[in-house]
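Summary of the model geometry
Residue strings, one per chain:
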Amino acid sequence: MTTVAKLEARGITKYFEHESHRLQALGGVNLKVESGDFVCLVGPSGCGKSTFLRIVAGLEKPDGGQILFDGRPVTETGPTRIMVFQEGALFPWLTVRDNVEFGLKVSGVPREKRAEISERYLDMMQLTKFAGSYTHQLSTGMKQRVAIARALVMDPDVLLMDEPFAALDAQTRDLLLVETQLIWARTKKTIMFVTHNVAEAAVLGTKVAVFSNRPSVVKREIPNDFPRPRVPDDKELIDFQHEILRELRPEVRKEDDVGAAAGAAAEETTDAGAASAGKEDDADAGEKDKKKEGRTQ
Ligand SMILES: Nc1ncnc2c1ncn2[C@@H]1O[C@H](COP(=O)(O)OP(=O)(O)OP(=O)(O)O)[C@@H](O)[C@H]1O
Ligand SMILES: [Mg+2]
């Protein structure tokens, strides 16, 4: 008997109009995600990871290919697949509790039930004490936890996370890396998680999908069955991080080549060149952060 994947991307292509030319962001992305998988997506800047995640969420339509959810094609947003963005995108006029309960309220869940569910997730994210606070009274890390709680209360089958920890300091991020593993273990959610940080990918993922340069495809899927809980300092994970970087680096360099060859296409040269150089630094960020931490401890 063949099993049906929780989520499957089949030959996803996507083009954008970029000034006078057509840019192919996604070149036929194939990816199978089994129930309970924690898949980390890494790839050069601008290769189309966010675009891919938005397509999986149903927020954007592909030009070709299909997203299958439990074997059935999906084209629209739905409560089964919920996205958590880089900057939590919370409502500043609502308290933490009301932010967390927002989706439940919109779905018509009665007040008492909402309170019961939100309490559970506020506790899980260690936000109970701040339930009555407004978001401007929170740190960035706390806001991000509210955003994650707000997604989790909806009990989605699949959680789609686009660089949710990118704006956090190293200490807060390390805490959230541990918490995220615990939540994943407790809730058995299927998670797709975009990151530029290879240490993050190595700590979190059951597998890491490396995207190629545009037009992007999944170049390689690297399984990771290293025991949990994992922390970025785990020596054994360093080799795994290097394996990801070995796949990633040539793709980032290709981006530079594209920029140089484009010559006259100034926007490509500046955007792609600058961004990829920056992101290659990001790819090393895990190791740098660790050094930084070593100094502060
Ligand atoms: N709405 C849009 N209109 C035009 N071009 C777009 C649009 N959205 C994305 N693109 C282009 O598609 C490509 C992929 O963008 P996307 O944001 O998905 O990349 P990414 O891999 O998430 O990048 P990063 O790692 O920097 O977040 C980029 O070249 C971008 O300029
Ligand atoms: Mg992105």
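Heads up: these notes are all about the structure in this document. Remember, it's a predicted structure, so these values are computed and weren't measured experimentally. (Residues numbered from 1 in each chain as written. Chains lettered and ligands numbered in written order. Predicted model: local features only at pLDDT ≥ 70, side-chain atom pairs only at ≥ 80, totals over all residues.)

1. Some thoughts on the overall build of the protein
Along the backbone of the protein there are nine helices and ten strands. Looking at the protein as a whole, 42% of its 297 residues qualify as buried. Of all intrachain contacts in the protein linking residues separated by at least 6 positions in sequence, the fraction that spans at least 24 positions is 71%. (Helix = DSSP H or I, 4+ residues; strand = E, 2+ residues; numbered from the N terminus. Buried ≥ 20, exposed ≤ 12 C-beta atoms within 10 Å, placed from the backbone. Contact = placed C-beta atoms within 7 Å.)

2. Some thoughts on helix α2 (residues 96-106)
Of all the residues in α2, the buried ones are V96, R97, N99, V100, E101 and L104. Its buried side turned inward, α2 meets α3 (111-124) and α4 (140-152). Trailing α2 by a residue or two, G108 shows a phi angle of about 80°, which is positive.

3. Some details on unusual backbone geometry
A cis amide bond links R214 with the next residue in sequence, P215, at an omega value of -15°. Relative to the helices and strands, P215 resides in the loop between β9 (207-211) and β10 (218-223). Residues R228 and P229 are joined by a peptide bond in cis, for which omega reads 0°. Inspection of the secondary structure assignment puts P229 in the loop between β10 and α7 (235-262). The phi dihedral of Q126 falls on the positive side, at around 55°, and the residue is not glycine. Relative to the elements of secondary structure, Q126 occurs in the loop between α3 and α4.

Keep in mind that these numbers describe shape and distance, not what the molecule does.
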